[in-house]
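Given next are the chains, with one letter for each unit.
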Amino acid sequence: MAAIEIVPKLAAMARENLRAAGYGGNVTTIHGDGSLGCPEFAPYDAISVAAGASEIPAALLDQLTTPAAW
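Residues numbered from 1 in each chain as written. Predicted model: local features only at pLDDT ≥ 70, side-chain atom pairs only at ≥ 80, totals over all residues. Heavy atoms only, no water.

Engineer: What am I meant to see in the overall build of the protein chain here?
Structural biologist: Tallying secondary structure elements over the protein chain gives 2 helices and 2 strands in all. Principal-axis analysis of the C-alpha atoms places the extent of the protein chain at approximately 40 × 20 × 15 Å. Split into buried and exposed, the 70 residues of the protein chain put 14% on the buried side. Carbon and sulfur atoms make up 59% of the accessible area of the protein chain, which amounts to about 5,200 Å² in all. (Helix = DSSP H or I, 4+ residues; strand = E, 2+ residues; numbered from the N terminus. Buried < 20%, exposed > 50% of the residue type's maximum accessible area, 1.4 Å probe, protein only. Areas by Shrake-Rupley, 256 points an atom, 1.4 Å probe, with all protein chains shown as cover.)

Next up, the structure:
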């Protein structure tokens, strides 16, 4: 599983909080633009986005195992 955060300090905080909660070995926390997804770990069965956008980025849809019917 991967988590992507664009703000460097928040990425570091997320990495530390996940490690402290015992998930450090199960989640890779990446500093980057989440609208690009994380193709190196794709394909995904699901993608959860916790930010608003006017449309779903094509890069995220392309990384799903099953094409989304949007």
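Engineer: How should I be thinking about the pairing of strand 2 (residues 28-31) in this particular structure?
Structural biologist: Each regular strand carries side chains that alternate between the two faces of the sheet. Judged from the 4 bridges that link them, strand 1 (residues 2-5) and strand 2 form a sheet pairing that is parallel. When the bridges of strand 2 are listed, A3 appears paired with T29. Regarding topology, helix 1 (residues 8-20) serves as the crossover connection from strand 1 to the parallel strand 2, and that connection is right-handed. (Pairing = 2+ DSSP bridges. Right-handed = clockwise from strand over helix to strand, strands pointing away.)

Engineer: Would you mind showing me how to read the side chain of T29 here?
Structural biologist: Relative to the helices and strands, T29 resides in strand 2. By relative accessible area, T29 is classed as buried at 10%. Ignoring anything within four residues of it in the chain, the contact list for T29 reads A3, A11, A14, R15 and L18. (Contact = heavy atoms within 4.5 Å.)

Engineer: How should I be thinking about the confidence of the model for the protein chain in this particular structure?
Structural biologist: Predicted coordinates in areas of low pLDDT are best not read in detail. This prediction gives the protein chain a mean pLDDT of 90; 96% of its residues lie at or above 70. By mean pLDDT, the top-scoring element of the protein chain is helix 1 (95), and the lowest-scoring one is strand 1 (90). (pLDDT = per-residue confidence, 0-100.)

Engineer: What exactly am I supposed to notice about unusual backbone geometry here?
Structural biologist: Most peptide bonds adopt trans geometry, and most residues besides glycine take a negative phi value. Following A42, the chain continues into P43 via a peptide bond in cis, with omega recorded as 10 degrees. Mapped onto the elements of the fold, P43 is located in the loop between strand 2 and helix 2 (58-62).

Engineer: Would you explain the pattern of salt bridges in this entry?
Structural biologist: A pair can form between side chains of opposite charge whenever their charged atoms are brought close. As enumerated under the stated definition, the model contains 1 salt bridge in all. In this structure, R19 and E16 form a salt bridge, with 2.5 Å as the shortest nitrogen-oxygen distance. Of the two residues, R19 and E16 both sit in helix 1, 3 residues apart, roughly one turn of that helix. (Salt bridge = Lys/Arg side-chain N within 4 Å of Asp/Glu carboxyl O.)

Engineer: Teacher, can you tell me more about the side chain of Q63 here?
Structural biologist: Along the chain, the position of Q63 falls in the segment after helix 2. At 2.9 Å, the side chain of Q63 forms a polar contact with the backbone oxygen of L36. Filtering out sequence-adjacent residues up to four positions away, Q63 remains in contact with L36, G37, C38, P39, A42, P43, Y44 and I47. (Polar contact = N/O pair within 3.5 Å; in protein donor to acceptor, adjacent residues only side chain to side chain.)

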